[in-house]
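# Structure at a glance
Here's the letter readout for the chains.
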Amino acid sequence: MYRAHTVICGAGILGLTIARELLRTGCDDVIIFDKEAAPGKHASGRNSGVLHAGIYYDPGTLKARMCLEGNRRMQAYCEERGLPLFKSGKVIVARTEDELATLDELERRATANGGVVEMIDEKRLAEIEPNARTVDRALYSPLTSVVDPKRILSAMREELETSGKVRFFFDTRFLGTAGPNAVDTTQGRIGYALFINAAGAYSDQVAQAFGIAEDYRLLPFKGIYHVLAKPAADRIRGSIYPVPNIKNPFLGVHFTRSVHGDVYVGPTAIPAFGRENYGLFKGVDGELPAILFRDMRLFLNNPKFRTIALEEPRKYFFKHFFDDAARLVRELNPEDLLPSAKAGIRPQLVNVRTSQLVMDFVIEEARDSIHILNSISPAFTSSMYFAELVVKEHVTAV
């Protein structure tokens, strides 16, 4: 049987940053195992790379507490290691007058969270992002930046391996608990003093193997993208976002210039048929009936989810996707949007007892274990500061 003081399930950004924080605080014996062949093969390596700046989140929530400082730390990490970093800034534009009240609320939240934002008029918007279109005013976030998630994950893996204190077990799937202080995996049994569940899209299943989080299930939402052709791409300087429905945890289709110069349009938030359902049917497995049942239950009991379920699937059709994107800019033609292989799954936590989408990060503890649930946006942005919180407030308590 393999053993380590701390065993981390999941080699996404949270698994890696928590391991870094454990080493910083003196732990010198860590195993990280993951069912994939390398770190960050799912949400961590498939996100847009945007480092958010604390705008959207209710003051007092974990997301609000973690986001801005996480942004600063991740930018510093990239600068220290020479990793790609594009200090792009972001504008949030209103598509209708009805959205202006929400735009004002975003300014209030950002300020309460310690963020730096500026409410700008249409003239100032044209100076910052000439092709962006808004009604009356827009919100400008100068601290929003863009990184290359895969380069960051690779750098962290190298850092951890070089330390000599962290062992990676890849192609290793969690099978279940094996009595006190051990888990079974496809590579054999692993013993621990502390187990940390950072399994992302499967974190609910891992937690339930420990007898907790019974009211929670992760429901997958698919994000698909298009990429802008030139010269349309040249008309986007940074990021252009719509005013979101702040009652839902999705930000809407937007424009993002990557660190490599490509401009992506997306993502959608389409209810998916599997936790890895990146294609139309790819990734659909035996869990499909259970996912459909949860979707139907939410559709009947949750008006917010019902709106998503009725609106988002239409964006599989090009016309609806294009129409959504075109409302954010002054000039966009159908031929400007090219297909993209980029796709991601957002594993959204749902409380099945109340039929509510969970809006914040969730951390639960059970017999020498810590379970991180709902690690969705801005989890990548927040990860380095979030890892510090996990170690300070939970590791010593277990």
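Before reading further, recall that the structure is shown in the block above.
As the structure is a computational prediction, the values presented were derived from the model and not from experiment. (Residues numbered from 1 in each chain as written. Predicted model: local features only at pLDDT ≥ 70, side-chain atom pairs only at ≥ 80, totals over all residues. Heavy atoms only, no water.)

## Comments concerning the overall build of the protein
Secondary structure summary: the protein contains 11 helices and 21 strands in total. For 398 residues, the compact-globule estimate of 2.2 N^0.38 gives 21 Å, and the C-alpha radius of gyration of the protein, at 21 Å, lies within 12% of that figure. Based on the C-alpha atoms only, the size of the protein along its principal axes is roughly 65 × 50 × 35 Å. Counting the 398 residues in the protein, one finds 57% classified as buried. For the protein, restricting intrachain contacts to residue pairs at least 6 apart in sequence, the fraction spanning at least 24 positions comes to 74%. One way to put it: in the protein the 50 positive side-chain charges average out to a point 2 Å from where the 49 negative ones average out. (Helix = DSSP H or I, 4+ residues; strand = E, 2+ residues; numbered from the N terminus. Rg over C-alpha atoms; globule rule 2.2 N^0.38 Å. Buried < 20%, exposed > 50% of the residue type's maximum accessible area, 1.4 Å probe, protein only. Contact = heavy atoms within 4.5 Å. Lys, Arg positive; Asp, Glu negative; His and termini not counted. Charge placed at Lys NZ, Arg CZ, Asp CG, Glu CD.)

## Regarding the pattern of salt bridges
Tallying each qualifying case throughout the model produces 32 salt bridges. We note a salt bridge from Arg353 to Asp215, for which the minimum N-O separation is 3.1 Å. Here Arg353 is found in the loop between strand E18 (337-351) and strand E19 (356-357), whereas its partner Asp215 is found in the loop between helix H7 (203-209) and strand E13 (216-228), with 138 residues between them in sequence. Overall, the relative accessible area of 33% leaves Asp215 in the partly exposed class. Residues joined by salt bridges that share partners form a network here, namely Glu69, Arg72, Arg73, Glu388 and Lys392. (Salt bridge = Lys/Arg side-chain N within 4 Å of Asp/Glu carboxyl O.)

## A closer look at the packing of aromatic side chains
Enumeration according to the criterion identifies 11 aromatic pairs in this entry. Ring geometry for Phe361 and Phe386: centres 5.2 Å apart, planes at 70°, overall edge-to-face. With Phe361 in the loop between E19 and strand E20 (362-366) and Phe386 in helix H11 (residues 379-395), this residue pair connects regions lying 25 residues apart in the sequence. You'll find Phe361 and Phe386 in the same group, each marked buried. The ring of Phe168 carries the charged tip of Arg157 above its face, separated from the ring centre by 6.0 Å. Lys342 extends its terminal NZ or CZ atom over the ring of Tyr264, reaching a point 5.4 Å from the ring centre. (Phe/Tyr/Trp six-rings, centres within 6.5 Å; stacked < 30°, edge-to-face > 60°. Lys NZ or Arg CZ within 6 Å of the ring centre and 35° of its normal.)

## Comments concerning the sheet that holds strand E4 (residues 85-86)
Taking strand neighbours across the sheet as the criterion, the three strands line up as E3-E8-E4 in an open arrangement whose pairing is antiparallel. The two strands at the open ends of the sheet, each matched to only one other strand, are strand E3 (50-51) and E4. As paired strands, E3 and strand E8 (residues 145-147) are joined by two bridges and run antiparallel to one another. Bridge pairing links Leu51 to Ser145 in E8. (Pairing = 2+ DSSP bridges.)

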